[in-house]
Amino acid sequence: MQATSPKQSHAGHAEAHHEEPGFWSKYIFSTDHKIIGIQYGLTALTFLLFGFCLMLMMRWQIAHPGQPVPLVGPLLAKVLGGVAAGGVMSADLYNSFGAMHGTIMVFLAVVPLAFGAFGNYVVPLMIGAPDMAFPRVNMASYQAYVVGGIIMFVSFFIPGGAAQAGWTSYSPLATSIPTDGQTFWLVGMIFLITSSLLGAVNFIATIIQLRAPGMTWMRLPFFVWAQFVTGFLLLLAFPPLEAAGLMQLMDKVAGTSFFLPTGLAVGGQLADVSGGGSPLLWQHLFWFLGHPEVYVLILPAMGIVCEVISNNTRKQIWGYKSLVYSSLAIGFLSFIVWAHHMYLTGMGTKISTFFQTTTMIISIPSVIILTCFFISLWGGSIRFNTPMLFALAFLPMFGIGGLTGLPLGFSASDLHLHDTYYVIAHFHYVVAPGTIFALFAGIYYWFPKMTGRLMSEYWGRVHFWGSLIFMNVVFQPMFAQGMAGMIRRMADGGANYSLARVPDAIGGLSDTIMSLHTLILWGGIGLGLVQIPFIINVFWSIKHGRKVTSDNPWDATTLEWQTPTPPPHGNFAAEPTVHRGPYDYSLPGKAKDFTPQNEPDQGGKH
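Notes on the structure follow. (Residues numbered from 1 in each chain as written. Predicted model: local features only at pLDDT ≥ 70, side-chain atom pairs only at ≥ 80, totals over all residues. Heavy atoms only, no water.)

Here the focus is the overall build of the protein chain. Looking only at helices and strands, one finds 19 helices and four strands in the protein chain. Against the compact-globule benchmark of 25 Å for 606 residues, the protein chain has a radius of gyration of 25 Å, which places it among compact chains. Within the structure as shown, the protein chain displays about 25,000 Å² of accessible surface, and the carbon and sulfur contribution to it stands at 68%. Averaging the locations of the 27 positively and 26 negatively charged side chains of the protein chain gives two centres separated by 8 Å. (Helix = DSSP H or I, 4+ residues; strand = E, 2+ residues; numbered from the N terminus. Rg over C-alpha atoms; globule rule 2.2 N^0.38 Å. Areas by Shrake-Rupley, 256 points an atom, 1.4 Å probe, with all protein chains shown as cover. Lys, Arg positive; Asp, Glu negative; His and termini not counted. Charge placed at Lys NZ, Arg CZ, Asp CG, Glu CD.)

Under the defined criterion, the tally for this structure stands at 43 aromatic pairs. Centre to centre, the rings of W338 and F355 are 5.0 Å apart; their planes meet at 65°, and the pair counts as edge-to-face. With W338 in the loop between α11 (320-333) and α12 (349-377) and F355 in helix α12, this pair connects stretches of sequence that are 17 residues apart. Accessibility assignment for this pair places W338 and F355 in one class, buried. Measuring from centroid to centroid gives 6.0 Å for Y444 and F534, while their planes differ by 55°, and the two rings are tilted. Here Y444, found in helix α16 (residues 421-451), pairs with F534, found in helix α19 (residues 531-544); they are 90 residues apart in sequence, far enough to count as distant. An aromatic cluster of three or more residues is present, and its members are F107, W167, F238, F259, W282, F286 and W287. A cation over a ring is seen here: R211 above W217, with NZ or CZ 4.2 Å from the ring centre. (Phe/Tyr/Trp six-rings, centres within 6.5 Å; stacked < 30°, edge-to-face > 60°. Buried < 20%, exposed > 50% of the residue type's maximum accessible area, 1.4 Å probe, protein only. Lys NZ or Arg CZ within 6 Å of the ring centre and 35° of its normal.)

Here we come to the nonpolar core. Within the largest apolar cluster, 181 residues are counted, with the highest numbers of intra-cluster contacts made by F97 and F373. Element by element, the count of residues in this core is highest for helix α5 (residues 91-127), at 23 residues. Residues in contact with F373, not counting those within four places in the same chain, are F222, M302, V305, C306, I309, I317, L323 and L395. (Core = buried A, V, L, I, M, F, W, Y, C linked by side-chain atoms within 4.5 Å. Contact = heavy atoms within 4.5 Å.)

We now examine α19. When the terminal C-alpha atoms of α19 are compared, their 19 Å separation across 14 residues agrees well with the 20 Å that a helix rising 1.5 Å per residue should span. Every buried residue belonging to α19 is among Q531, P533, F534, N537, V538 and S541, and all of these are buried. (Expected span 1.5 Å × (residues − 1).)

All right, on to empty space enclosed by the protein then. Tallying each qualifying case throughout the model produces two cavities of 30 Å³ or more. If you trace the largest cavity, you find 17 residues lining it, with Y40, V111, P112, S195 and S196 closest to the centre. Those elements giving two or more residues to the lining of the largest cavity turn out to be α5, α6 (135-154) and α8 (181-209). As for the second largest cavity, its lining consists of W185, L186, M189, I193, L241, G245 and W282. Elements supplying a minimum of two residues to the lining of the second largest cavity: α8 and α9 (222-253). Ranked by residues supplied to the lining of the second largest cavity, first place goes to α8 with four residues. (1 Å grid on protein atoms, 1.4 Å probe; cavity = no way out; pocket = protein on both sides within 12 Å on 5 of 7 lines; lining within 4 Å. Points joined across faces, edges and corners; volume = space filled by probe spheres on them.)

Moving on, we come to a nonpolar patch on the surface. A surface patch of nonpolar side chains, about 760 Å² in accessible area, is lined by L71, V72, L75, V79, I150, F153, V154 and F157. Mapped onto the nonpolar patch, the elements with two or more residues apiece are α4 (73-80) and α6. Within the secondary structure layout, V72 lies in the loop between α3 (33-63) and α4. (Patch = residues over 30% accessible without salt bridge, like charges linked within 9 Å, V, L, I, M, F, W, Y side chains within 5 Å. Salt bridge = Lys/Arg side-chain N within 4 Å of Asp/Glu carboxyl O.)

Let's shift gears to the packing of α5 against α6. Contact pair α5 / α6: the axes reach a minimum separation of 12 Å and the direction vectors enclose 165°. Put simply, α5 runs roughly antiparallel to α6. Note that α5 runs across α6; the crossing there is left-handed. Taking contact as the criterion, the partners of M100, T103, F107, L108, P112 and N120 in α5 are, on α6, N138, Y145, G149 and M152. (Axes fitted to C-alpha atoms, helices over the stretch in contact; angles between N-to-C directions. Parallel < 35°, antiparallel > 145°, perpendicular 65-115°, else oblique. Left-handed = near helix turned anticlockwise from the far one by under 90°.)

This brings us to the state of the cysteines. Evaluated as defined, the whole model comprises zero disulfides. The closest cysteine sulfur to the non-disulfide-bonded C306 is located on C372, 8.7 Å from its own sulfur. The class of C306 is buried, set by a relative accessible area of 0%. (Disulfide = S-S within 2.5 Å.)

Right, let's talk about unusual backbone geometry for a bit. Backbone torsion omega between S171 and P172 reads 0°, so that peptide bond is classified as cis. Positive phi values are uncommon outside glycine, yet D555 reaches one of about 55°. As for its position among the elements, D555 is in the segment after β4 (546-547). Positive phi values are uncommon outside glycine, yet N571 reaches one of about 75°. For N571, the position within the fold is in the segment after β4.

What follows is the structure, encoded as C-alpha cells:
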C-alpha cells in the first residue's frame with residue numbers, strides 16, 4: 001500500500017472542504033491566471049474597438065475637413081462641447097484623438113492583449129504550472145491596468161479634453177498646453193507602466209521557477225520563449241519612462257524644469273519657468289522604451305504564429321534553436337537602436353551612424369524568424385483553418401512592415417521620410433496587419449480550450465478575407481503619400497504643410513495624393529464592418545458554438561492541450577512530466593501524427 005504524503009493529504013482535505021467562490025471572488029477579484037487572462041483579453045479588445053473608432057473619426061476629418069462627422073457628430077457636440085461644435089471636429093479635438101488613439105492602441109489594447117491576455121492564460125498551461133508564481137501580484141497587475149485605462153478614458157470629459165501632445169508626449173509642448181488632459185495622461189501612464197512591471201516580474205519568475213519536471217529550456221514552446229524575452233524588455237525599458245513620466249508630471253504641476261529649457265517662449269511670451277532642462281532628455285527616455293515596445297508587440301505575435309503554423313503544417317517547426325537565439329538577440333539589440341527615432345535632433349553624424357548600424361543589425365534576427373516560418377511550410381500537410389489563415393497572412397504583412405522600416409533606419413533617407421505618412425504606413429504594417437493578425441490567430445486557436453466550443457469557420461473566413469483586403473486598402477496608399485512628402489498628424493491631412501500640395505515638387509500629383517485620403521477612409525469603414533462578424537462570432541460561439549469532442553481538438557503536442565477543457569483551478573489533474581520537445585509532429589513509426597510532450601517514449605526512455 002502506498003503511503004500518502006502530508007502534501008497530498010493536505011490537498012485532499014482542502015478539496016473536500018472547498019467552497020465554490022462567489023461571482024466577485026471568481027470573476028472580479030480573481031487570482032486564477034486563466035480568469036485574469038480572460039479579463040485582460042476582454043478589456044483590451046474593448047479598448048481596441050474604442051481606439052479604432054477614434055481612428056475612423058480622424059480619417060473622416062482628414063478626408064472631409066470642416067464637415068460634420070456622420071452618425072456621431074451630434075453626440076460629439078453634446079458631450080465634448082465647443083471642440084466639436086456642430087458635430088465638426090476641431091483641430092484641438094483631432095490632436096486629442098490622435099494622441100489618445102496611439103496611447104490606447106499601444107498601451108491599452110495590443111500590449112495587454114498580446115502579453116497580459118495570451119501570456120496569462122497560456123504560459124502557465126504550456127509549462128505545466130498550476131498558476132502564476134505570484135497570483136495576488138497578477139491580480140494587482142490587472143487592477144492597475146484597469147485604473148490606468150479609466151483615467152485615460154475619463155480625460156476625454158474633463159474641461160479642455162484629453163492629452164493633445166501626441167502619444168509620444170514631447171516636451172516642452174506637453175507641458176505648455178494649458179489644459180489638464182496631459183496631467184491625466186501622465187497619471188494614467190504611471191498606472192499602466194506599474195501594471196506592466198508587475199506582470200513582467202511575475203512572468204519571469206513563473207517561467208524560471210514553475211516549469212514541470214522535464215521541461216528544460218530547450219523544450220519550452222517558442223511562445224513561452226517569446227513571452228520570457230518580452231518580460232525582460234518590459235522590466236528593463238519601462239522604468240526609465242516611468243521616471244520620465246514622474247519628472248514631466250512635476251514639470252506640469254510643481255514648477256520644475258526637468259525638460260524645460262532656459263529662454264522658452266510660449267505664445268510669443270517668455271515662459272515663467274526656471275529653465276535649465278533638456279527637451280531631448282525626454283525623447284531619449286521615451287524612445288528607450290519606445291523601441292523595445294515595438295518588440296513587446298511583435299515577439300508574442302511571433303510566438304502565436306509559431307504555435308499555429310507548426311500545428312497546422314503537421315510537422316516540426318524548422319530551426320527551433322534559431323528562433324530561440326534570434327528572439328534573445330532581438331531582446332538585447334532592441335536596447336541600442338532607440339535613437340533612430342531622433343535623427344533630426346542634431347545629435348551628430350557619428351552617433352547617427354552607430355544607431356543606423358545597430359538598426360540594420362536588428363533586422364537580421366527578425367528575418368531569421370520569418371525564414372524559419374516560411375521554410376516550415378515547405379512539405380507540410382497544411383490545414384487552412386481560420387487560425388492558420390491569419391498566421392499565414394502575418395508573414396507577408398510583417399515582412400512589408402519590416403522591409404519598409406529599413407529606409408527609416410538610414411539617416412539620409414529618414415531626413416525626407418521622417419514625420420510623413422510613410423512612417424504611419426511602416427509602423428501600422430508591423431502592428432495592424434502584422435501583430436493584430438497574429439492575435440486574431442491566437443483567439444481562434446485557443447478559444448476551444450477556453451470555452452470548450454469552436455468558433456464558426458465560415459464567419460472566421462469572412463472576417464479574415466475582409467480584414468486582409470481592407471487593411472491593405474487603408475495602409476498601402478500611405479507609402480505613396482509619405483514618399484510624396486505628406487506630413488502626418490495634421491488635422492487637414494497635410495494640405496497646408498506637405499510637399500504633396502506643391503505640384504512642381506512631385507510632378508503635378510498633388511490632387512491624386514490628397515484624394516487617397518478618401519480611399520483610406522472607405523477602407524477604414526470597410527475594416528470596421530468586417531469586425532462585426534468577429535464580435536458576434538465570439539459571443540455567439542461561447543454558448544452556441546460546436547462543442548469540441550476532445551480536450552485536444554487541434555491534435556496539438558504542447559501541454560495546454562493535455563488539460564481538461566476548460567482547465568480547472570490548478571490546471572492539471574496530475575502534475576505532468578515532459579519527455580520531449582514541443583513540436584513532435586509526424587514522427588516516423590508513430591500511429592498518429594502528433595506526440596504530446598507528456599507522452600513517454602517507448603521503452604521508458606526519457
